[in-house]
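Fold and contact review
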Amino acid sequence: MAKQYETVIGLEVHIELATKTKIFCGCSTEFGGAPNTHTCPVCTGMPGSLPVLNKQVVEYAMAIGLATNCKITQVCKFDRKNYFYPDNPQNYQISQLYLPIARDGYVEIETGRGTKKVRIHEMHMEEDAGKLIHDEWDDTSLVDYNRSGVPLVEIVSEPDMRSADEVIAYLEKLRMIVQYLGASDCKLQEGSMRADVNLSVREVGTETFGTRTEMKNLNSFKAISHAIEGERERQIELLEAGKEVVQETRRWDDNKEHSYAMRSKEDAQDYRYFPEPDLVPIVISDEWIARIKAQQPELRSEKLERYKKEFDIPQYDAEIITESKRMADIFEATTAICGKPKKVANWLMGETFRLMKEQDMEPQDLKFSPENLAKLIDLADAGTINSSVAKDVFEKIFFEDVDPEKYVEENGLKMVNDEGALRETVERVIAENPQAVADFKGGKEKALGAMMGQTMRAMKGKANPGKVQELLRELLS
Ligand SMILES: [Zn+2]
């Protein structure tokens, strides 16, 4: 019988914190500025410049630590991690090794076999590196230090995950917690959330771990899943052929669906860590922890229960809407304006999700305003526009955030209730379709649908469908 293998996975997740300024200087953290415009002597590593710690970074890190059931390290320190690379102007990164801010936590994920705890070994604070740009000029690499000094937390899990599905569930849970805390937007494609995957395989029933590899450069859930499947296969093939897995860092190329070796994996000693002499230890009092705890916003499970009670929407709707804080915020803001929670839920779960899927968008990317969605719901409710026109107008709101009242007015989309105009059209359709009329009179209900369709088309989709059907029945009887 063929050997059975088990995949063992641990993750290192980097999350960029949502502070306005960098971790050790006052430069902006905003994404997308012209290269090297958000820089100063500190974050470009000029000799003689000194770091000053941004307090908000510590508070966000504490909030994440508490929400993931970690113990907060009440005297914590920064260390220097030394390495030479052009994206790192100081030739060291200020990070934490010996006394990271949080340790020994866990998050719970839902798996096919019930709830599972994924333990968190530790979480530390550190500064991000700059970005190398390789493809702008031939034979030359450029460097942009805008990202240098952007605050990060790195969350290191225990090797508790056994499949790509568990990894995705863990990442989604982390992302949900951090987004709810407002500590980061966690956009994988913009790099504000990044995951390195440590993976090894072992025969089922074995206690010891196999040799692991680390995979970097994973910027979507899809890439992470593919990389895990690909690396598992690669390692099993090596073992089956009697070869050894080499401990190394590998880069996953999602286009080629193949990973290749980058470098041998470093251990902590390779980085010659030592305590950062330019920063004092951070002393975190019990009162400070209590204050952060008291400030924790409503998390997902509390929100879910409140939505069911306060807005009387079904469990299913509440679950889908609270999956992301952004969606929940839109739901609440829109409901506050129009007072129709179930209708708001329907627009979000229906058309909004459909368009997001079509455009490959995350809830974070939604741009339309609750005011315009609320107006649209009122227009449809009042019978000013019919439901198919409402869907078209929603697309305009989704992409361009148009004011639906103005848009409907300017484009003449109001539902036609005018008895005279409708009657005229219906009479014409009946006169032009003797076969359908005969079919209907012979008992074929379907024929009515066909004539309705023709009438709606003749009225450019704006007729009141209820009235059209009424008139058809009346004139045909
Ligand atoms: Zn700076």
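From a predicted model like this one, the values you see are computed outputs, not experimental measurements.

1. Considerations on the pairing of strand β11 (residues 193-203)
Across the 11 residues of β11, nine count as buried, placing the element largely inside the fold. In terms of strand pairing, strand β1 (residues 5-16) meets β11 through 11 bridges, oriented antiparallel. For Glu 12, the partnering residue across the bridge sits in β11 and is Asp 196. Here β11 pairs with strand β12 (residues 213-218) via four bridges, running antiparallel.

2. Overview of the coordination of the zinc ion
At 2.3 to 2.4 Å from the zinc ion lie its protein donor atoms, namely Cys 25 (SG), Cys 27 (SG), Cys 40 (SG) and Cys 43 (SG). For the zinc ion, the four donor atoms are set out with angles of 101 to 117 degrees between them, so the coordination reads as tetrahedral. Of note, the zinc ion draws all its donor residues from one chain, in the sequence arrangement C-x1-C-x12-C-x2-C. With Cys 25 in the loop between β1 and α1 (55-67) and Cys 40 in the loop between β1 and α1, the pair connects residues that are 15 residues apart, well separated along the chain. Note on Cys 25: relative accessible area 14%, which makes it buried.

3. Looking at the sheet that holds β12
Taken together, nine strands build an open sheet; the order of strands is β2-β6-β7-β10-β1-β11-β12-β13-β14 and the sheet is mixed. Each end of this open sheet is capped by a strand with a single partner; those strands are β2 (71-72) and β14 (258-264). Bridging between β12 and strand β13 (residues 248-253) involves three bridges; their strand directions are parallel. Residue pairing across strands places Glu 214 opposite Thr 249, the latter belonging to β13. Against the sheet, α1 engages β2, β6 (102-111), β7 (114-127) and β10 (151-157), with an angle of about 165 degrees to β7. The sheet strands contacting helix α2 (residues 164-181) are β1, β6, β7, β10 and β11, and the helix crosses β6 at an angle near 115 degrees.

4. Here we look at the domain arrangement of the protein chain
For the protein chain, the assigned domains read domain 1 (5-288), domain 2 (298-410) and domain 3 (419-476). Centre-to-centre, using C-alpha coordinates, domain 1 lies 64 Å away from domain 3.

5. Observations regarding the pattern of salt bridges
For the structure shown, the criterion picks out 41 salt bridges. Put simply, Arg 234 and Glu 231 hold a salt bridge, and the shortest N to O gap is 2.8 Å. With a gap of three residues between them, Arg 234 and Glu 231 both fall in helix α3 (residues 221-240), about one helical turn apart. One continuous salt-bridge network, built from bridges that share partners, spans Glu 298, Lys 303, Arg 306, Glu 310 and Glu 332.

6. So, the pairing of β14
Two strands pair when backbone bridges link them, and β13 and β14 are joined in this way by six bridges, in the antiparallel orientation. Within β14, the position partnered with Thr 249 by the bridge is Arg 263. In textbook terms, the turn of a hairpin is the stretch between consecutive antiparallel strands, and for β13 and β14 this stretch comprises four residues, one of which, Glu 257, has a positive phi near 50 degrees.

7. Topic: a negative patch on the surface
A grouping of Asp 165, Glu 229, Glu 233 and Glu 237 is seen on the molecular surface, where their side chains present a negatively charged patch. Considering the arrangement of structural elements, one finds Asp 165 in helix α2. Overall, the relative accessible area of 63% leaves Asp 165 in the exposed class.

8. Overview of the packing of aromatic side chains
The full count for this structure, using the stated rule, is 11 aromatic pairs. For the pair Phe 394 and Phe 398, a centre-to-centre distance of 6.2 Å together with 55 degrees between the ring planes defines the contact as tilted. Here Phe 394 pairs with Phe 398, and both are found in helix α10 (residues 387-400), just four residues apart, close to one helical turn. Given the relative accessible area of 0%, Phe 394 is considered buried. Among the residues examined, Phe 398 registers a relative accessible area of 4% and is labelled buried. Pairing Phe 398 with Phe 399 gives two aromatic rings, centres 5.0 Å apart and planes at 80 degrees, and the pair type is edge-to-face. When its relative accessible area of 40% is taken as the criterion, Phe 399 is described as partly exposed. Stacked on the ring of Tyr 92, the Lys or Arg Arg 80 has its end atom at 3.9 Å from the ring centre. The cationic tip of Lys 117 hangs over the ring face of Tyr 106; the distance from NZ or CZ to the ring centre is 4.2 Å.

Calculation criteria
- Residues numbered from 1 in each chain as written.
- Predicted model: local features only at pLDDT ≥ 70, side-chain atom pairs only at ≥ 80, totals over all residues.
- Heavy atoms only, no water.
- Buried < 20%, exposed > 50% of the residue type's maximum accessible area, 1.4 Å probe, protein only.
- Helix = DSSP H or I, 4+ residues; strand = E, 2+ residues; numbered from the N terminus.
- Pairing = 2+ DSSP bridges.
- Donors = N, O, S within 2.8 Å, 3.2 Å for Na, K, Ca; no water.
- Tetrahedral: all angles 85-135°; square planar, octahedral: opposite > 155°, others 65-115°.
- Contact = heavy atoms within 4.5 Å.
- Axes fitted to C-alpha atoms, helices over the stretch in contact; angles between N-to-C directions.
- Domains from an automatic or database assignment.
- Salt bridge = Lys/Arg side-chain N within 4 Å of Asp/Glu carboxyl O.
- Patch = residues over 30% accessible without salt bridge, like charges linked within 9 Å, V, L, I, M, F, W, Y side chains within 5 Å.
- Areas by Shrake-Rupley, 256 points an atom, 1.4 Å probe, with all protein chains shown as cover.
- Lys, Arg positive; Asp, Glu negative; His and termini not counted.
- Charge placed at Lys NZ, Arg CZ, Asp CG, Glu CD.
- Phe/Tyr/Trp six-rings, centres within 6.5 Å; stacked < 30°, edge-to-face > 60°.
- Lys NZ or Arg CZ within 6 Å of the ring centre and 35° of its normal.

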